[in-house]
Structures are given as structure tokens and as C-alpha cells.
2 protein chains.
Amino acid sequence: MPFGVFEYDGKVQLGIAIGAEIVDLNVCHKIGLFEHLDIPNVFLNDCLNDFIGLGKQTTNKVRMIIQKELCDQNGLLRQNSQDVLVNQGVVKLKLPIKIGNYTDFYSSKFHAENIGKLFRDPNNPLLPNWTKIPIAYHGRASSIVVSGTEVKRPKGQLIEGGELVYKSTGKLDYELEFAAVIGKENQLGEPVDINNAEEYIFGFCLFNDWSARDIQSWEYKPLGPFTGKNFASTISPWVVTIEALDDCKVPFHRQNDVLGYLKKDNDFSFDITLEVYLNETLVVKNNFKTLYWSVSQQIAHHTVSGCNLKIGDLLASGTISGKDELEKGCLMEKTYGGTRSFKLLNGDERIYLEDNDVVCLKAFAEVNGYKIGFGKAEGKIIANND
Amino acid sequence: MPFGVFEYDGKVQLGIAIGAEIVDLNVCHKIGLFEHLDIPNVFLNDCLNDFIGLGKQTTNKVRMIIQKELCDQNGLLRQNSQDVLVNQGVVKLKLPIKIGNYTDFYSSKFHAENIGKLFRDPNNPLLPNWTKIPIAYHGRASSIVVSGTEVKRPKGQLIEGGELVYKSTGKLDYELEFAAVIGKENQLGEPVDINNAEEYIFGFCLFNDWSARDIQSWEYKPLGPFTGKNFASTISPWVVTIEALDDCKVPFHRQNDVLGYLKKDNDFSFDITLEVYLNETLVVKNNFKTLYWSVSQQIAHHTVSGCNLKIGDLLASGTISGKDELEKGCLMEKTYGGTRSFKLLNGDERIYLEDNDVVCLKAFAEVNGYKIGFGKAEGKIIANND
């Protein structure tokens, strides 16, 4: 039961996805389902932020009330189901959060190693800081779009045949990522203790960090990626709360060679299957639990020098990869830096993305026989004719 | 006549600084000074964003109405001066803008060369991309604070004597920067043409990008600075509009070896003197016009791949340095990577900042005999006893 924002009948409001339908939380508030919670109507809104700001105690109660009401055939919700339930087919899903700050981590060791082997040193792929720091950089928040938004092939400056040129990227790539949505704020100057980090997470969504590899490789030294990434990132419209993922928590491997502020007893990851489809061909299948750095470690490190997290901030994992071919989370890895093509189901060959390609990220967890879905983060590449 | 936000008598509102006083724009709106502009009251607000969103045509008219009214001893403003004018001494100045996205450029060639000589190669200090790209990275927006906010010495991980340690930074530095405030939005996927870039600038303010050099040098490869910078940046409370700076525009040197999207006929810079005081000793004196990349070039490059700028975004210049000792915009340069100390007026020696040090950035332009001030961006370092 994930939270999102949808437009229907000219109004934008918050909802919970349940199968092919959406529970309209604005209507639920109006008919009094949350009366004893004594909360303002934060549900007629274009983002989840105010709702998240009510705090976990309240947001979890809202989720549980809806869960209970859906099962009660004689309850208030079912009595008003005509107004409360909206078919997903007739709505427009919106960007679920107002993202004040977006940070992209680099937390998959397999990914860092695969890239390091290609571009650094096959025998020594990782920089010395990689196993000590959950490496990250600040990304561009304004260009994060919701699933379904088309992505125009970016132009920029790059080197081609030794010449500096201005042109459309020829190396457009996806990145399979998973992002945490921040649900609680720390004060500037007050780091979050790793043992309390979980309180700061509202939930998770899918994240595709589109990248133009030719632009990126020319610009990124020494301050990191810029125009090669800031043209668009796509997120899924539904945010699954961390509490809803309780049953798919798995123990986290403990690194012994990190500083104390990154050590947590009983740290955890999640057993969540992640997939990428390119024009309906499965091109990546991996699992969130393969990440080297946990979300708690990411939060502890992000705030270690005092940086303040805000409600709605996004902390993305970085490309999630494995060793095997199908586990590689971006095309740069899959095609060995663009040197080997691969085939789609229909026989088409690809190295990087072509115009009209559709990339779709999906995720699901299976717990006690039921399945938690994360929806999808989909985008179609459109030609740049400017 | 710069714009800002101030708190007085329990209310937060927009104002214009005029000498030792502030023109309360909320009161000006109430007494009808802007009646024929037919604008909503955006002046009782905690940031300039909605005001800026009215567009240059309107915001410039507001400035001109106030300018005219201040000179008219029998006008509405002067008749109501008791309510309209507030002494700066009794107000609290606030962060003037809600900053959605903050980008830090690296636009001073002297700075890049000084740093490159210290840490790269004395004979080849610049990376090959530096003269082709206005290099930049996305910074942290949430931790930008207004002048007067204390800065707690950050802790983090760093290498000391070959060992990995968690401790307070021993290399805390300031960076003299100047920042453009974005006043107009472009659509995602629609780059801003360099010849229209000026339209997108509302104004300018001072910017101090505090940096912890020991944390930064350990973490920054390969994705750029993170916890070594995201703990705080300080801006001045007053934003001077670009139109108010018309008379201090100076011609901009034209680079011939850049791509077309970075070339603008009659590009411009500004003759603005910039100063940094450390505990009242002048430690930097330089000029904005020494920058290698113009603000128009920064905007054209920022959006070249389609990135969308939002009202209130901040585009900071990067450290502004020159060749001479007094022109070096940060301590890392001034002390040759922390190897040479220097003396303050009172005889104290410094290499990096110590607890209780006060750093104050100032700027002014002199045109036709009158002086445009930018106020100050000041911060005091406080000990980290956590």
C-alpha cells in the first residue's frame, strides 16, 4: 500500500495504490475516516511532503486505518467506495514529492568495481576511499520527473575523434537505482546517529539516473558529473513506506574496517528484486540487498559534518550492479564501455539507447506469500531535433 | 537598493535596504504605492521567490516606485514614513530566498591555476577541459544560511599521519564567491540561449562556501566534494538586482576557443570590488571582473543538456582569486596548501580558521560617484564540543 499523488477530475490529491485502484485520501478525510487522528487535511495537495511532515506515528496510522477499512465490507470506506476508490486507468500520476535536495550515492561495490576495471585498473579497480566512505555527490533536484515523462536526448559538449564538438549524446544510458525518501529533519550542525537513522526514512521508490556517458566523461574531472546527468532522472510515482517493508528486511553484512560512526549493530538491508526492461526485453535483474553500504550508513555519513536533511529529500543508491551479465545496472557496464553490443528479444542490437527506446524499472518483494510491488519508473527517449 | 527579507515585531516581510533603514514593502503595498501595478501582496512572505516570480518588468517597477517615493518629500511613502521605514538595528535579517537548487561553478582561472600548481603540476596546472567548460557541480541547498549564522566546526573522516580518523576538521577554510539568483525559469529540455541568459538573472549576493579541506581532499574522488562542503554556506541578506548594476557593467574578454553555445557578442562582467576580512584584518581584495567565465556562459552551459532552472536557484561563481597574495580567495591558496602561516593585524598567526574566528565578505561597486553596497556575509566559527 504505497503513497502517491494523482490528478483526477481536475483535482490533485494524495492516494494509496491498491491493485488497479487508488484510495482517494482526500475523500477519506472528508468522510471522517481520520477523525480521531485530529489532523489537518493535507490530502488535497500536489505532494506528499506535508503528509510526511505529520510524522511516522500518524502516517502509519493512516495506512493502517485504510488497510482495516478495505477489509471491512460494512465500514465507512466501503459504504463510500463510489467516491473513495478511483480506477488507476483514469488518473494522471504526479511526481509524489517536492524534492528539495537530491543526493546520489555510489553504494554498489560491484558497480564501482565494474567501472574501475573498465576505466581505471583491472587489478585495482577501487579508489582507496571507496571502502571507507559511502561515496556520494549532490545531484540536480529540479529535473527529477515522474514515470511516463519523455526524456529528450540531451545535447552537450563532448570529444569525438579527438575534436571538441557540440552535439546530441551518442552514449545515452540508464542507471538502475533505488531511492530513500527522507521523512524527518535534523538540525543543521547535528549529525544523525546511525542507530537512529531509520527514523529519518519515510519510504522508497525506484530511480533511473539517466546519463550521457560521452558528456559525463569529458566534464566530470575534478568536481563530478554535471550536464551529463542533470537533464533528467525518473522516479516511480508510488512511495512504499519503510514500515511496509518490515518483513523483507534482511541482515546486513558488517564491515569491520570502517569508522565508528558508520557501525550499527543489527544493521539491515532489504530483499527486493529489481528489474530493468528495455523495449520489453529484461536487461537487468538484481537485488537491493547486494549493496555494500546500507541506507543507515548513507544517512549517518551524509550528516556527519552537520548537513541538514529535509522532508522530501531523495537519497538514491547509485547504480545497483552485480558480477553477472544480467546483474549489471547500466549499459556502460553491460557493453564493456560501449565496446560490445547485445541483442533484444526482437533481434535489435543495442550498445547505448536509441531514440524511441523505452526503459522501464520495476521492483517487487515477496514476503510470506504476498507480493509488494513498487510500480514502475518508465521513460521513453525522444529525438532532439532542436 | 537591494531586496531582502526581515523580521520585525513578530512579522516576516520583504524590504528594500536604504542606508541604515529598510523600506517595508508590505506596508508600501498596504498604503497603495503599488496600486496601479495590480499585483497580489507577495510582500508578507518569508522569501523573495513569489516576488521574483512576478517578473522583471514588475520587480523593476517596484524598485523604481520606491526610488521615486523616497525622493518625494510630500509623497505617500514620506507621509507614512513612521510605518514604512524601519531601522536596520531593530530587525532580524532572514535568508532572502528559498533556494531550490544551488550550483557552484569554478570560474576563476587564477583560482584553478593556483590550486593546480599546488596539487597537480606547477607547469600544467589546468585539466584539459577547464578552458572549454565552465566547470561546476551541484552543491547542497539546505545548508545555506544567512549572514550572522554561526558555523559549527564540522567533524568527519579524514587521513591524519596515514591513519583514517573521525575528528573535527583542522583545515577549515572560507571561499570568496559571488552568486547569481535565478529569476526566470526555463522548461526542462529547453536550453537557455546565451544571448537571452541575462533575462534569467534576478540579482546577485555574496557567498562564502565554507570548506573543510582535510575532509574534502579524502572524499572528493571521483564524484566531487560532499561532506567537506555541505555543512554550511553563508550568503548576504540583500540581493542587488542586475538592473541596479547596469552602470558597473564592463566588457567581457571573449574566448575564441570555445563552442558556439558559449559565445556571446558583447558579453559583460561587472566591476565589483570584493573583500574578505578575518577578525577585521583584510585578507582578500579582488574584483568580480577577473572571472574567466561570464554569468551568461554559466547559464548557457548549465542548461545546455536541458536542465531546468527554477526561481530562487543560486549559481555561485566558485572561489574568486587573482595572482597576487591579497587576491587569493581562500586560505588553501593564501597559505600554499597550509604550509605557510600569515599574520593578522593584532599579531595572531593563521594557517586555517580557528574557533571564534569571524570571517566577513563585503562587496561594493563605485559608479558615477555613488557607491553600491552588497552588505556583508559574515560567520563566526564555533567549537564543536559534541
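Relevant structure appears above.
Just so it is clear, the structure is predicted and the values come from calculations on it, not from any experiment.

Okay, the relation of the copies chain B and chain A next. For the match of chain B to chain A, the screw axis carries a shift of 0.0 Å, the RMSD comes to 0.0 Å, and the turn is 180 degrees. Classification of the inter-copy transformation places it as that of a two-fold axis. Of the C-alpha atoms belonging to chain B, the one lying closest to the rotation axis is found on Gly224(B), 2.3 Å away. Looking at the interface residues of chain B, 100% of them are also at the interface in chain A, so both copies use one shared face.

The next point concerns the side chain of Gln216(A). Here Gln216(A) lies in helix H7 (residues 213–219). Gln216(A) has contacts with Ser211(A), Pro225(A), Gly228(A) and Lys229(A), leaving out every residue within four places of it along the chain.

All names here are of chain B. Counted by the stated rule, this structure contains 38 aromatic pairs over all chains. Plain terms: the ring middles of Tyr102 and Phe207 are 5.1 Å apart, the flat faces sit at 45 degrees to each other, and that makes the pair tilted. A residue pair is termed long-range when its members are at least 10 positions apart, and Tyr102 in strand E6 (residues 102–105) and Phe207 in strand E14 (residues 201–208) qualify at 105 residues. You'll find Tyr102 and Phe207 in the same group, each marked buried.

In this section: the side chain of Ser143(B). Along the polypeptide, Ser143(B) turns up in the loop between strand E7 (136–138) and strand E8 (144–146). Here Asn230(B) takes part through its backbone oxygen, which lies 2.8 Å from a polar atom of the side chain of Ser143(B). Once residues lying within four places of it in the same chain are set aside, the contact partners of Ser143(B) are Leu188(A), Asn308(A), Asn230(B), Phe231(B), Ala232(B) and Ser233(B).

A few words now on the interface of chain B and chain A. The interface is formed by 56 residues belonging to chain B together with 56 residues belonging to chain A. Approximately 5,100 Å² of surface area, both sides summed, lies buried where chain B meets chain A, with 63% of it carried by carbon and sulfur atoms. At the junction of chain B with chain A, the criterion picks out 4 salt bridges. For the salt bridge of Asp313(A) with Arg140(B), the shortest nitrogen-to-oxygen distance reads 2.6 Å. Taken together, the links from chain B to chain A amount to 28 residue pairs in polar contact (both at pLDDT 80 or more). Its residues assigned to classes, the side of chain B that touches chain A comprises 28 nonpolar, 18 polar and 10 charged.

With that settled, consider the sheet that holds strand E3 (residues 21–24) of chain B. All names here are of chain B. Taken in spatial order, the 5 strands make up an open sheet running E4-E3-E2-E1-E5, and their pairing is antiparallel. Single-partner strands in this sheet number two, and they are strand E4 (85–87) and strand E5 (92–93). Direction of pairing for strand E1 (residues 3–8) relative to strand E2 (residues 11–18): antiparallel, over a ladder of 6 bridges. Looking at E2, one finds that Phe3 is bridged to Ile16.

Within the structure shown, the criterion is met by 44 salt bridges over all chains. Its salt-bridge partner being Asp257(A), residue Lys132(A) comes within 3.6 Å of it at the nearest N-O pair. Taken together, the residues Lys132(A) in the loop between helix H6 (109–119) and strand E7 (136–139) and Asp257(A) in the loop between strand E18 (249–251) and strand E19 (268–270) connect sequence positions 125 residues apart. Of the residues examined, Asp257(A) reaches a relative accessible area of 37% and is grouped as partly exposed. One salt bridge connects Glu354(B) with Arg350(B), and the closest N-O pair in it is separated by 3.7 Å. Residue class for Arg350(B) comes out buried when judged on its relative accessible area of 7%. The network of salt bridges with common partners includes Asp173(A), Glu175(A), Asp209(A), Arg213(A) and Lys229(A).

Before going further, it helps to spend a moment on the pairing of strand E1 (residues 3–8) of chain A. Residue and element names in this part refer to chain A. Linking E1 back to strand E2 (residues 11–18) in an antiparallel pair, the connection comprises 2 residues, with Asp9 at a positive phi of about 60 degrees. Looking at chain direction, E1 and strand E5 (residues 92–93) are connected through 2 bridges and run antiparallel. What sits directly across from Glu7, in E5, is Lys92.

Residue and element names in this part refer to chain A. Here strand E14 (residues 201–208) lies mainly inside the structure; 8 of its 8 residues are buried. Judged from the 2 bridges that link them, E14 and strand E17 (residues 240–241) form a sheet pairing that is antiparallel. Looking at the pairing, Phe204 lines up with Val240 of E17. Relative to strand E16 (residues 233–235), E14 is paired through 2 bridges, and the arrangement is antiparallel. Looking at E16, one finds that Phe207 is bridged to Ile235.

Quick notes on the rules
Starting afresh in each chain, residues are numbered from 1 along the sequence in its written order. For this description, chains carry letters from A and ligands carry numbers from 1, given in the order in which they are written. Whole-chain, interface and lining totals are the exception, using all residues; otherwise, since this is a predicted model, local features are given only for residues with pLDDT of at least 70 and side-chain atom pairs are given and counted only at 80 or more. Excluded from the side-chain calculation are hydrogens and water; included are all heavy atoms of the structure. The atoms used to superpose the copies are C-alpha atoms, taken from residues with pLDDT of at least 70 in both, and the fit is least squares. Contacts are assigned to residue pairs with any non-hydrogen atoms lying within 4.5 Å of each other. Helix numbering and strand numbering both begin at the N terminus, where a helix is a DSSP run of H or I of at least 4 residues and a strand a DSSP run of E of at least 2. Aromatic pairing here means that ring centres of Phe, Tyr or Trp (its six-membered ring) are within 6.5 Å. Orientation follows from the plane angle: under 30 degrees is stacked, over 60 is edge-to-face, and everything else is tilted. Each residue is placed in one exposure class: buried if its accessible area under a 1.4 Å probe, protein chains only, is under 20% of its type's maximum, exposed if it is over 50%, and partly exposed if it falls in between. What qualifies as a polar contact is a pair of N or O atoms within 3.5 Å, subject to a donor-acceptor requirement within protein and to the restriction that residues adjacent in sequence count only when both atoms come from side chains. Once two parts are joined, some of their accessible surface, as seen by a 1.4 Å probe, is lost; buried area is that loss totalled over both. The rule for a salt bridge is simple: a side-chain nitrogen of Lys or Arg has to be within 4 Å of a carboxyl oxygen of Asp or Glu. Only Asp, Glu, Lys and Arg are considered charged in this grouping, and only Ala, Val, Leu, Ile, Met, Phe, Trp, Tyr, Cys and Pro are considered nonpolar; every other residue, Gly among them, is considered polar. Note on pairing: DSSP must find at least two bridges between two strands before they are called paired.

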